[in-house]
Amino acid sequence: MKRPPFVLGVLVSGSGTNLQAILDAIAAGTLDAKVGVVISNVATAKALDRAKAARVPAIVVDHKAFASRAAFDAAVVEVLQAHRVDCVVLAGFMRLVTSTVLDAYPNRVVNVHPALLPSFPGVHAQRQALEYGVAISGCTVHFVDAGTDTGPIIAQAAVPVLDSDDEASLTARILQKEHELLPMVLQWIAEGRVVVEQPEGRRPRARVRPSS
């Protein structure tokens, strides 16, 4: 019997290139999932147009309309649950999520960050890397926890920092890796291969089981 589709809810705030990478991977058959809904806190986000072009429900939940971050997150969770979402993907979503979302989807909220965590968390990670003078940067896909980019790391991809790089060029090359890494990790999660372990006396860590 064919298993029911693994349903993704994608949260966006901007252009949606990582959303597009997910949609393209699904269309190509390399990601066995479906995008059940795309939610944006920005009504003008281009990502909404990408969702509509793919005939995916595209919904605006304006954070400015809510008195608190938790109230906004509760509205987001209501939409996610209405679309039977199994896993939440933060794809350029420029809001910190609260326990309201994390408790509704424990170890099922995934973020892609443009740096090799734990180095350079937060905003402007590429600029931080250039200012620090690192030779290698990259991107990280991780589960989200209550901290800022501190959740268990699932996978990373390295990108060399060139002498000629500025913030724009480094950002563009890291983004290409994000487009490869994020759909691959989501496929692992859809296959049930990613587990979070709690080693005694250490931080939680994500482990990827070999494919059967």
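Reference entry: report on the structure contained in this document.

Rules of the game
- Residues numbered from 1 in each chain as written.
- Predicted model: local features only at pLDDT ≥ 70, side-chain atom pairs only at ≥ 80, totals over all residues.
- Heavy atoms only, no water.
- Axes fitted to C-alpha atoms, helices over the stretch in contact; angles between N-to-C directions.
- Helix = DSSP H or I, 4+ residues; strand = E, 2+ residues; numbered from the N terminus.
- Parallel < 35°, antiparallel > 145°, perpendicular 65-115°, else oblique.
- Left-handed = near helix turned anticlockwise from the far one by under 90°.
- Contact = heavy atoms within 4.5 Å.
- Nonpolar A, V, L, I, M, F, W, Y, C, P; charged D, E, K, R; others polar.
- 1 Å grid on protein atoms, 1.4 Å probe; cavity = no way out; pocket = protein on both sides within 12 Å on 5 of 7 lines; lining within 4 Å.
- Points joined across faces, edges and corners; volume = space filled by probe spheres on them.
- Core = buried A, V, L, I, M, F, W, Y, C linked by side-chain atoms within 4.5 Å.
- Buried < 20%, exposed > 50% of the residue type's maximum accessible area, 1.4 Å probe, protein only.
- Phe/Tyr/Trp six-rings, centres within 6.5 Å; stacked < 30°, edge-to-face > 60°.
- Lys NZ or Arg CZ within 6 Å of the ring centre and 35° of its normal.
- Pairing = 2+ DSSP bridges.
- Right-handed = clockwise from strand over helix to strand, strands pointing away.

What to know about the packing of helix α1 (residues 17-28) against helix α2 (residues 46-53)
Point 1. It is at 9 Å that the axes of α1 and α2 come closest, and there the two elements cross at 15°. Regarding the angle of α1 to α2, the classification is roughly parallel. The chirality of how α1 crosses α2 is right-handed. Note on element contacts: α2 touches α1 through Ala47, Arg50 and Ala51, opposite Thr17, Leu19, Gln20 and Leu23.
Point 2. Of the residues assigned to the contact of α1 with α2, the class counts are four nonpolar, two polar and one charged.

Here we look at the layout of surface pockets
Point 1. In this structure, the largest pocket encloses a volume near 950 Å³.
Point 2. Contributing to the lining of the largest pocket are 35 residues, with Gly92, Phe93, Met94, Val112 and Pro114 lying nearest its centre.
Point 3. Mapped onto the lining of the largest pocket, the elements with two or more residues apiece are α1, β5 (109-113), α5 (125-132) and α6 (167-190).
Point 4. Looking at which element gives the most residues to the lining of the largest pocket, the answer is α6, with four residues.
Point 5. Split by residue class, the lining of the largest pocket holds 14 nonpolar, 16 polar and five charged.
Point 6. Lining of the second largest pocket is provided by 13 residues; of these, Pro118, Thr150, Gly151, Ile153 and Arg203 occupy positions nearest its centre.

A few points about the nonpolar core
Point 1. If you look at the biggest cluster of nonpolar residues, it comprises 39 residues, and the most contacted ones within it are Leu8, Val10, Ile22, Ile154, Leu186 and Ile189.
Point 2. In this structure, Leu186 is in contact with Leu8, Ile22, Leu31, Cys87 and Val89, ignoring residues within four places of it in sequence.
Point 3. Counting residues in each nonpolar core, the second largest holds 21 residues, with Ile39, Val76, Val97 and Val144 among its members.

Overview of the packing of aromatic side chains
Point 1. As enumerated under the stated definition, the model contains three aromatic pairs in all.
Point 2. With a centroid separation of 5.9 Å and 65° between ring planes, the pair formed by Phe66 and Phe72 is classed as edge-to-face.
Point 3. With a centroid separation of 5.9 Å and 65° between ring planes, the pair formed by Phe120 and Tyr132 is classed as edge-to-face. Remark: Tyr132 occurs in helix α5 and Phe120 occurs in the loop between β5 and α5; sequence separation between them is 12 residues.
Point 4. Exposure remark for Phe120: the relative accessible area of 15% places this residue in the buried category.
Point 5. Put simply, the rings of Phe66, Phe72 and Phe93 touch in pairs and so form one group of aromatic residues.
Point 6. If you follow Arg95 out to its NZ or CZ, it ends over the ring of Phe72, 5.6 Å from the centre.

Observations regarding the pairing of β5
Point 1. Extensive coverage of β5 is indicated by the burial of five of its five residues.
Point 2. Burial along β5 is two-sided: the residues Val109, Asn111 and His113 and Val110 and Val112 are all buried.
Point 3. Here strand β4 (residues 87-90) runs beside β5; their pairing, made up of three bridges, is parallel. Residue pairing in the sheet places Val89 in a bridge with Val110 of β5.
Point 4. Running through helix α4 (residues 99-104), the crossover from β4 to the neighbouring parallel element β5 is right-handed.
Point 5. By the bridge criterion, four bridges tie β5 to strand β6 (residues 136-143) in an arrangement that is antiparallel. Considered in β6, the bridge of Val110 is made with Phe143.

Notes on unusual backbone geometry
Point 1. With an omega dihedral of 10°, the bond running from Leu117 to Pro118 counts as a cis peptide bond.
Point 2. Take Pro118: it is sitting in the loop between β5 and α5.
Point 3. A positive phi angle, near 60°, is found at Arg55, a position not held by glycine.
Point 4. Along the chain, the position of Arg55 falls in the loop between α2 and β3 (58-60).
Point 5. Owing to a relative accessible area of 79%, Arg55 belongs among the exposed residues under this scheme.

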